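Coordinate analysis (summary)
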Amino acid sequence: MDQIRIGAFLKALRKEKELTQEQLAEKLSVSGRTVSRWETGSNMPDIGMLIEIADFYGVSIPELINGERKSENMNQETRDTAIAMAEYSQVTAKTGRWKVIGILLAVFGLFIIVSALSVFPSESSWGSIYATLGSIMLIVGLYLIIRPLVAKCAMRLSLIFGCAVLLFGAFTLSDYIAVTQFHQVPRFRYETVYDSRNPDQLLHRTLFFTAIQQNPGTPEERVYILK
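A short tour of the structure in this document, coming up.

Cut-offs and rules
Residues numbered from 1 in each chain as written. Predicted model: local features only at pLDDT ≥ 70, side-chain atom pairs only at ≥ 80, totals over all residues. Heavy atoms only, no water. Buried < 20%, exposed > 50% of the residue type's maximum accessible area, 1.4 Å probe, protein only. Helix = DSSP H or I, 4+ residues; strand = E, 2+ residues; numbered from the N terminus. Arc of directions from axis to C-beta. Contact = heavy atoms within 4.5 Å. Salt bridge = Lys/Arg side-chain N within 4 Å of Asp/Glu carboxyl O. Phe/Tyr/Trp six-rings, centres within 6.5 Å; stacked < 30°, edge-to-face > 60°. Lys NZ or Arg CZ within 6 Å of the ring centre and 35° of its normal.

Describing helix α2 (residues 21-28)
Those residues of α2 not exposed but buried are Leu24, Ala25 and Leu28. Viewed end-on, α2 has its buried residues packed into an arc of 100°, placing them on one side of the element. Those residues of α2 that are exposed and angled more than 90 degrees off the buried face are Glu22, Glu26 and Lys27. In the core, the buried residues of α2 are packed alongside α1 (3-16), α3 (32-40) and α4 (47-57).

With respect to the pattern of salt bridges
Within this structure, the stated rule accounts for four salt bridges. A salt bridge links Glu191 to Arg205; the nearest nitrogen and oxygen atoms lie 3.0 Å apart. Of this pair, Glu191 sits in strand β1 (residues 191-194) while Arg205 sits in strand β2 (residues 201-205); the two residues are 14 residues apart in sequence, bridging distant segments of the chain.

A word on the packing of aromatic side chains
Considering all chains together, one arrives at seven aromatic pairs under this definition. When the ring of Phe120 is compared with that of Tyr130, the centres are 5.6 Å apart and the planes differ by 5°; the resulting orientation is stacked. Here the residue Phe120 occupies a position in the loop between α6 (76-119) and α7 (125-146), and Tyr130 occupies one in helix α7, the gap between them amounting to 10 residues. Considering the side-chain rings of Trp126 and Tyr130, the 5.9 Å spacing of their centres and the 35° angle between planes classify their relative orientation as tilted. On the criterion of helical spacing, the pair formed by Trp126 and Tyr130 is a turn pair, its members being four residues apart in helix α7. Through pairs of rings, three or more aromatic residues link up here, namely Phe120, Trp126 and Tyr130. The ring of Phe56 carries the charged tip of Lys17 above its face, separated from the ring centre by 5.2 Å. Against the face of Trp98 rests Arg147, its NZ or CZ located 5.5 Å from the ring centre.

Quick look at the structure:
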């Protein structure tokens, strides 16, 4: 492809229309500098702009690419092919952008989860709040990543549901290990109960077990699962 030849052909077509570079740039919604680069051959229009230029000058895509006029009528089949290529290019670019956004969301969500579990103590509810927020971001990110890879919507939703179940299971298991091995209160508790009849203990309820915290805040503190 001879860019200098193409640029000279674009310049000749513009002069046939008796237009300045600035006037053409306004009609094509580009800058005059962009038109100048086309005509000097230092830069070429993208395929979407190539279609607009061909329509504007009444020439075919092959004529623009070859840098000379071969016929008076634009080849409709070639034009349709170029349009399809432009649309495909736009769809591909859009899909790529969403995939990048999905990766960023997933990585950031995972970072929030890890940070929440490592920074906040188990007694603080902020750890579970931020971990839940990070999980939502992670799941949304995973959905954006797999959307172009899995055609069926039902399959995508099944995969996302599976990821959510795995995360929930991981959080539940981490709570169980924290209570049984490290004698810490569960992070993902939905209720903490204080009973005045037993002032030396707190009940921490999760979906699958209840943990008892005896003598909280004292050297004799003990946390175990209620059986």
